[in-house]
Amino acid sequence: IFLTLFENALKHSAIGIESDSFIKVRYKIENQEIFFEIINSIAKKKILVNNEDNGGLGNEAVMSILEKNYSGIFTFISAEGENEEYQTVLKIKLS
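Described below are features of the structure shown in this document.

Remarks on the pattern of salt bridges
Okay, so step 1: Throughout the structure, instances matching the rule amount to three salt bridges.
Okay, so step 2: Linking Glu30 and Lys28 is a salt bridge whose minimum nitrogen-to-oxygen distance equals 3.7 Å.
Okay, so step 3: Note on Lys28: relative accessible area 40%, which makes it partly exposed.

Now the structure itself:
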């Protein structure tokens, strides 16, 4: 799941295309919980990063996997934030 979330950020951030694009990743395990966060820039020129559905896993597929394997013990938030950024947060309880 973490790799899929990173791939989604890479796909939509224009890394390597736009000079000010970025991806920030934070993760930690604390108090019996995995915390994983990705904040990425949103491509200014959408056509450059081909935002069409190309068979990758989107948020709906990620939610399906989470519900199947971690039902009732996860939090998943993925939304556009401020300053042309997109933020995804996943928390999974370990106990």
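What follows continues from the structure just given.
Here we look at the environment of Glu18
Okay, so step 1: Along the chain, the position of Glu18 falls in the loop between α1 (2-13) and β1 (23-30).
Okay, so step 2: The exposure class of Glu18 is buried, given its relative accessible area of 13%.
Okay, so step 3: Counting along the chain gives 26 residues from Glu18 to Lys44, while the straight-line C-alpha distance between them is 8.0 Å.

Concerning the nonpolar core
Okay, so step 1: Counting residues in hydrophobic clusters, the biggest one holds 10 residues: Leu5, Ala9, Phe36, Ile38, Val62, Leu66, Phe74, Phe76, Leu90 and Ile92.
Okay, so step 2: When sequence neighbours within four positions are dropped, the list of residues in contact with Leu90 reads Ile1, Phe2, Leu5, Ile34, Phe35, Phe36, Leu66, Phe74, Thr75 and Phe76.

Overview of the side chain of Thr88
Okay, so step 1: Topologically, Thr88 is positioned in strand β4 (residues 85-93).
Okay, so step 2: For Thr88, a relative accessible area of 9% gives the class buried.
Okay, so step 3: A polar contact of 3.0 Å, which involves the side chain of Thr88, links it to the side chain of Ser78.
Okay, so step 4: Those residues within four positions of Thr88 in sequence are excluded, and the remaining contacts are Leu5, Phe36, Glu37, Ile38, Phe76, Ile77 and Ser78.

A short note on the packing of aromatic side chains
Okay, so step 1: Tallied over the entire structure, the rule returns one aromatic pair.
Okay, so step 2: Consider the rings of Phe2 and Phe36, whose centres lie 4.7 Å apart with planes at 50 degrees: the pair is tilted. With Phe2 in helix α1 and Phe36 in strand β2 (residues 33-41), the pair connects residues that are 34 residues apart, well separated along the chain.
Okay, so step 3: Of the residues examined, Phe2 reaches a relative accessible area of 33% and is grouped as partly exposed.

Overview of the pairing of strand β3 (residues 74-80)
Okay, so step 1: Direction of pairing for β3 relative to β4: antiparallel, over a ladder of seven bridges. Of the residues in β4, the one forming a bridge with Ile77 is Val89.
Okay, so step 2: Hairpin connection of β3 to β4: four residues between the antiparallel strands, including Asn83 at a positive phi of 55 degrees.

Some words on the sheet that holds β3
Paired through their backbone hydrogen bonds, the strands of a sheet run either parallel or antiparallel.
Okay, so step 1: Spatially, four strands are ordered β1-β2-β4-β3 in an open sheet, and the strand pairing comes out antiparallel. Two strands lie at the open edges of the sheet, namely β1 and β3, each paired on one side alone. Going from strand to strand, the sheet's axes swing by 5 degrees on average, the running direction of each strand aside.
Okay, so step 2: The sheet contact formed by β2 and β4 spans nine bridges and is antiparallel. Across the sheet, residue Ile39 finds its bridge partner in β4, namely Gln87.
Okay, so step 3: Helix-sheet contacts for α1 involve β1, β2, β3 and β4, and the interaxial angle to β2 is about 10 degrees.

About the thresholds
Residues numbered from 1 in each chain as written. Predicted model: local features only at pLDDT ≥ 70, side-chain atom pairs only at ≥ 80, totals over all residues. Heavy atoms only, no water. Salt bridge = Lys/Arg side-chain N within 4 Å of Asp/Glu carboxyl O. Buried < 20%, exposed > 50% of the residue type's maximum accessible area, 1.4 Å probe, protein only. Helix = DSSP H or I, 4+ residues; strand = E, 2+ residues; numbered from the N terminus. Core = buried A, V, L, I, M, F, W, Y, C linked by side-chain atoms within 4.5 Å. Contact = heavy atoms within 4.5 Å. Polar contact = N/O pair within 3.5 Å; in protein donor to acceptor, adjacent residues only side chain to side chain. Phe/Tyr/Trp six-rings, centres within 6.5 Å; stacked < 30°, edge-to-face > 60°. Pairing = 2+ DSSP bridges. Axes fitted to C-alpha atoms, helices over the stretch in contact; angles between N-to-C directions.

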